[in-house]
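Structural characterization, general
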Amino acid sequence: AGHGDKSRKAGRVLSSGVLFQAGIKHASTHTKAKPTPLEAAMQFQLGTIVAMLALMPLRCITFRSLELGKSIHVNGNSVEISVPGCLMKSGHPWDANVPDVVLPHLLRYLQEFRPWLMRRLGKHHNFLWVTSKGDPFKTGYFGVRVALATTEATGVRVSPHLFRDAAATTLARMSPQSARLIKPVLAHSCTETAE
């Protein structure tokens, strides 16, 4: 927004719809082609992350730090993300149900792939996203994995933070009424950020 090199985003702000479809394809199609269960689990997880980020573009540190029982609440066939204000840059809490179009992938990850990844090396913690060793994602690792997945799926390297730009741009292009949703979706403290 006037600070730094504006060209770094050139050609890298895709629509949220394109990113969502890339995540679903990454989780579904490519998972079946992986030669080992570990590669399949990591592929499915990464596709689910990309699809969720496209629809729920939380800041990278918040998204990778989601914890079961604290910020992720599973209730039967629904999942709510509830982030307290202390974990949000704006200081305001953020709550939303995981959209139905990505919910089956998240539930499968929670019921099948995450438990398997955790059992492999006997890990015990509540972080949602885990490495191949069952540890919580670190910031750098998370960003690199998302960028690699988007490059593979779309041909464009999209970092986790660019999902926020994608959401704002997608909403603004839809209609003036949709553009008003940027502030609550991205949990901005004021409308000037989106403007």
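Residues numbered from 1 in each chain as written. Predicted model: local features only at pLDDT ≥ 70, side-chain atom pairs only at ≥ 80, totals over all residues. Heavy atoms only, no water.

What to know about the packing of helix 2 (residues 37–55) against helix 4 (residues 103–120)
At a closest axis distance of 10 Å, the pairing of helix 2 and helix 4 adopts a crossing angle of 140 degrees. When the axis of helix 2 is compared with that of helix 4, the two are oblique. Pair helix 2 / helix 4 crosses with left-handed handedness. Here Pro37, Leu38, Ala40, Ala41, Met42, Phe44, Gln45, Thr48 and Met52 of helix 2 come into contact with helix 4, specifically with His105, Leu106, Arg108, Tyr109, Phe113, Trp116, Leu117 and Arg120. Partitioned by chemical class, the residues of the contact of helix 2 with helix 4 number 12 nonpolar, three polar and two charged. (Axes fitted to C-alpha atoms, helices over the stretch in contact; angles between N-to-C directions. Helix = DSSP H or I, 4+ residues; strand = E, 2+ residues; numbered from the N terminus. Parallel < 35°, antiparallel > 145°, perpendicular 65-115°, else oblique. Left-handed = near helix turned anticlockwise from the far one by under 90°. Contact = heavy atoms within 4.5 Å. Nonpolar A, V, L, I, M, F, W, Y, C, P; charged D, E, K, R; others polar.)

Notes on helix 5 (residues 139–154)
When the terminal C-alpha atoms of helix 5 are compared, their 22 Å separation across 16 residues agrees well with the 22 Å that a helix rising 1.5 Å per residue should span. Among the residues of helix 5, those classed as buried are Phe142, Gly143, Val146, Ala147, Ala149 and Thr150. One face of helix 5 carries all of its buried residues, which in axial projection span an arc of 165 degrees. Looking one or two residues past helix 5, Gly155 carries a phi angle of roughly 85 degrees, positive in sign. (Expected span 1.5 Å × (residues − 1). Buried < 20%, exposed > 50% of the residue type's maximum accessible area, 1.4 Å probe, protein only. Arc of directions from axis to C-beta.)

What to know about helix 4
Counted at 1.5 Å a residue, the expected span for helix 4 with its 18 residues is 26 Å, and the 25 Å between its end C-alpha atoms agrees. The sharpest bend along helix 4 reaches about 45 degrees and sits at Tyr109. What helix 4 keeps buried is the set Leu103, His105, Leu106, Leu107, Tyr109, Leu110, Phe113, Arg114, Leu117 and Met118. (Bend = angle between axes of the 7 residues up to and from the residue.)

A closer look at the nonpolar core
Residues Ile81 and Trp129 are the most contacted members of the largest nonpolar core, which totals 47 residues. Only helix 1 (16–32), helix 2, helix 3 (60–64), strand 2 (78–83), helix 4, helix 5 and helix 6 (162–174) provide two or more residues apiece to this core. A per-element tally of this core places helix 2 first, with 10 residues. Among residues more than four places away in sequence, those in contact with Trp129 are Gln45, Thr48, Ile49, Met52, Phe63, Arg64, Leu66, Leu106, Tyr109, Asp135, Pro136 and Phe137. (Core = buried A, V, L, I, M, F, W, Y, C linked by side-chain atoms within 4.5 Å.)

Brief notes about the pairing of strand 2
The alternating pattern of strand 2 places Val79, Ile81 and Val83 on a buried face and Ser78, Glu80 and Ser82 on a face that is not buried. Where strand 1 (residues 72–75) meets strand 2, four bridges bridge the pair, whose relative direction is antiparallel. Bridge pairing in strand 2 places Asn75 opposite Ser78. Where strand 1 hands over to strand 2, the hairpin turn is made up of two residues, of which Gly76 adopts a positive phi near 65 degrees. Bridge analysis of strand 2 against strand 3 (residues 94–97) gives four bridges, and the strand direction is antiparallel. Residue pairing for strand 3: Ile81 is matched across the bridge by Ala96. (Pairing = 2+ DSSP bridges.)

Any functional reading would require information beyond the geometric quantities listed.
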